[in-house]
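The chain contents come next:
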Amino acid sequence: MAAPHPALASLAPLLGIWRGRGHGEYPTIDSFDYLEEVEFGHIGRPFLTYRQRTRAADDGRPLHAETGYLRCPAPDRVELILAHPTGITEIYEGTLGLDDGVVRLELETTGIGLSSTAKSVTAMGRSFTVRDDALDYTVRMAAVGEPLQHHLAATLHRAEP
């Protein structure tokens, strides 16, 4: 396997497979708990690959999946490009912060693409914090006529480097 691209050195703590639990809520749905696996990988190019899968905590049924790429175009800037099987694409841009070994990403959508059958999503935001072998994140969403607000939060732990 190729070494990570030098432009990704600050994102190296994300590399690997992460597993954990999360909780979701939104005014238009019932609250729910989920199990999640996220994988950040690389192929030696100046981006990380991203794959995410969730399943219901109560019975294990599949819930959500997304795939994409994380780029670092400048030392303090990041871009996240995602595609969902529900007909939604998201382009995020934001900041990368490094402080005493803690990695923080703050991202807001700059573009959302919707297929003709996708639900109406108008804005998204994501925050990631990596500290040692724990990855915490939150997701904010504006959809189906609701304003931007908290939707998801999870804590994942490194399962494989």
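The present account deals with the structure reproduced in this document. Here the structure is a predicted model, which is why all the values come from computation and not from measurement.

Cut-offs and rules
- Residues numbered from 1 in each chain as written.
- Predicted model: local features only at pLDDT ≥ 70, side-chain atom pairs only at ≥ 80, totals over all residues.
- Heavy atoms only, no water.
- Helix = DSSP H or I, 4+ residues; strand = E, 2+ residues; numbered from the N terminus.
- Rg over C-alpha atoms; globule rule 2.2 N^0.38 Å.
- Buried < 20%, exposed > 50% of the residue type's maximum accessible area, 1.4 Å probe, protein only.
- Contact = heavy atoms within 4.5 Å.
- Areas by Shrake-Rupley, 256 points an atom, 1.4 Å probe, with all protein chains shown as cover.
- Salt bridge = Lys/Arg side-chain N within 4 Å of Asp/Glu carboxyl O.
- 1 Å grid on protein atoms, 1.4 Å probe; cavity = no way out; pocket = protein on both sides within 12 Å on 5 of 7 lines; lining within 4 Å.
- Points joined across faces, edges and corners; volume = space filled by probe spheres on them.
- Nonpolar A, V, L, I, M, F, W, Y, C, P; charged D, E, K, R; others polar.

Below, the discussion takes up the overall build of the chain. Helix and strand counts for the chain stand at zero helices and 10 strands. Starting at the N terminus, the α and β elements of the chain follow one another as β-β-β-β-β-β-β-β-β-β. Over its C-alpha atoms the chain spans a radius of gyration of 15 Å, differing by no more than 12% from the 15 Å that the globule rule assigns to 161 residues. Seen through its principal axes, the chain has C-alpha atoms that stretch 45 × 35 × 30 Å. Per-residue burial for the chain yields a buried fraction of 41% across its 161 residues. Summarising the internal contacts of the chain: among those between residues at least 6 apart in sequence, 41% fall at separations of at least 24. About 8300 Å² of surface is accessible on the chain, with carbon and sulfur atoms providing 54% of the total.

We now examine the pattern of salt bridges. For the structure shown, the criterion picks out 11 salt bridges. Residue Glu108 pairs with Arg140 through a salt bridge whose shortest N-O separation is 2.9 Å. Of this pair, Glu108 sits in strand S7 (residues 102–114) while Arg140 sits in strand S9 (residues 134–143), placing them 32 residues apart in sequence. For Glu108, a relative accessible area of 37% translates into the label partly exposed. Overlapping salt bridges, with partners in common, bring together Arg19, Glu37, Glu39, Arg51 and Glu160 in one network.

Turning next to the layout of surface pockets. Computed from the structure, the largest pocket encloses a volume of approximately 600 Å³. Together, 31 residues line the largest pocket, and His64, Lys119, Met141, His151 and Leu152 are the ones closest to its centre. Elements with a minimum of two residues in the lining of the largest pocket: strand S2 (29–41), strand S3 (47–56), strand S4 (62–74), strand S6 (88–99), strand S8 (121–131), S9 and strand S10 (149–160). Residue composition of the lining of the largest pocket, grouped by class: 18 nonpolar, eight polar and five charged.

Treat this as a map of the structure, not an account of what it does.
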